[in-house]
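One-letter residues, chain by chain:
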Amino acid sequence: QTGSANTNPSDSADDEYITSVSIGTPAQVLPLDFDTGSSDLWVFSSETPKSSASGHVTYSPSKSSTAKKLSGSTWSIEYGDKSSSSGDVYTDIVTIGGFSVKTQAVESATKVSTQFVQDTVISGLVGLGFDVGNQVSPRPQKTWFSNAASSLAEPLFTADLRHQETGSYNFGFIDTSLAKGTIGYTPADGSEGYWGFTATGYSVGGAKLNRNSITGIADTGTTLLLLPDNIVDAYYNNVESAEYDDSQEGVVFDCSEDLPSFSFGVGGQTITISGDLLNLTPIEEGSSTCFGGLQSSADIGINIFGDVALKAALVVFDLGNERLGWAQK
Ligand SMILES: O=C(CCCl)NNC1=[NH+]CCN1
């Protein structure tokens, strides 16, 4: 068996990617953010304060004949960007891309931070990280993918995120036609719950890759490419108008500048992120100052290959072989 779901950028900055997920009987369809950087499936629900849920599609377990309360279970999560949510837990049927998991833990939010309240285009997250990262207490729950894996043709999924166009999450198979290059594989470290890996080197513009390795995570739930300051500086030294903007909390530059590409080595392949993909968006509607897709990871303490990097590749999250595959797109 397999599953295949389309995913769409939420806005003109590709801030996040929205995928439709069907929960319960009859189906309640919610727009969710698939997040390989976390391991909880949580939703805005009938239990979310009305003031917080305003503008969001919500899940009502009381309207689902297959919903069951997971009594005594609660959850609470904080993300790398300091957003957070918490609540209680149901189990229900969750269908993604035509593949159904019958008894999936659906974490219902009784509290959500302002970032989520304001982000009305999504109704929650589908964690696609390793089960060890699940935040349900007293008994941690499995992710949708973990529950599905044993029934899928292959215990893997792929992410094909695209700039301003429809991409896909495929479960149980690899559509190699989505990639231009060969898929290079490298070991994945799931011990922290993330899809951790090590890039073997990097380069700015078309230069030859150096041998400075970068250890980080492949994270569909983070917008940016977050790397160490020395790499960020080496990149923006090639961008004449680049400067750090305190109010934006990041490097900005003239939108008219042609940005150099950024490449990294992984699994014997070279992934090149075009300069265009590294110009994320004007800092404000109509501004001629643009915000960089590459920013510092210093404040977060972990390097994150977020959507800006993932957009350049077809990425294979191979649980069965505990490895990550990367192919140029
Ligand atoms: O939390 C992280 C980073 C882990 Cl180091 N990624 N996932 C996510 N989901 C919502 C915001 N960010």
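Since the structure is predicted, the reported quantities are computational estimates derived from the model, not experimental observations. Counting restarts for each chain, with residues numbered from 1 along the sequence as it is written. It should be noted that, the model being predicted, local features are given only for residues of pLDDT at least 70 and side-chain atom pairs only at 80 or more, the latter also being counted only at that level, while totals for whole chains, interfaces and linings use all residues. Hydrogens are left out, water is left out, and the side-chain values use all remaining heavy atoms of the structure.

(A) The arrangement of the sheet that holds strand β20 (residues 269–273) in detail. Strand order across the open sheet formed by 3 strands is β14-β19-β20, with antiparallel pairing between neighbours. This sheet does not close on itself; its edge strands, each paired only once, are β14 (201–204) and β20. Strand-to-strand twist of the sheet, defined as the mean angle between neighbouring strand axes without regard to direction, takes the value 20 degrees. Note that β14 and strand β19 (residues 262–266) share 4 bridges and pair antiparallel. Note on β19: the bridge partner recorded for S203 is S263. Seen against the sheet, helix α4 (residues 229–236) touches β14 and β19 and runs at an angle of roughly 25 degrees to β14. Should DSSP find at least two bridges between two strands, the strands are taken to pair. Helical segments are the DSSP runs of H or I of at least four residues, strand segments are the runs of E of at least two, and each set is numbered from the N terminus. Orientation is described by lines fitted to C-alpha atoms, with helices fitted over the stretch in contact, and by angles between N-to-C directions that extend from 0 to 180 degrees. Contacts between residues were defined by any pair of non-hydrogen atoms, one from each residue, lying within 4.5 Å.

(B) Main features of the side chain of Q28. You can see Q28 is positioned in strand β3 (residues 28–35). What Q28 contacts, discounting residues up to four positions off in sequence, is V21, S22, I23, T58, Y59, S60, K63 and S64.

(C) Here's a closer look at the site of the ligand. Close to the ligand lie D35, Y79, G80, D81, L125, Y194, I217, D219, G221, T222, I302 and I304. The term polar contact refers here to a pair of N or O atoms within 3.5 Å; inside protein, the definition further demands a hydrogen-donor-capable atom paired with an acceptor-capable atom, and it admits residues adjacent in sequence only when both atoms are side-chain atoms. With respect to the ligand, the backbone of G80 contributes an N or O atom lying 2.8 Å from an oxygen atom. The contact in question runs from a nitrogen atom of the ligand to an N or O atom on the side chain of D219, over 2.7 Å. All accessible areas in this document rest on Shrake-Rupley with a 1.4 Å probe, and a residue is counted as covered only by the protein chains that are shown. Burial of the ligand by the protein amounts to 93% of the accessible area it has alone, namely 350 Å². A per-class count over the shell around the ligand returns 6 nonpolar, 3 polar and 3 charged. Each residue is tested against the molecule or strand, and it is near if at least one of its non-hydrogen atoms lies within 4 Å. All residues other than Ala, Val, Leu, Ile, Met, Phe, Trp, Tyr, Cys, Pro, Asp, Glu, Lys and Arg, Gly among them, are scored as polar; the first ten of these are nonpolar and the last four charged.

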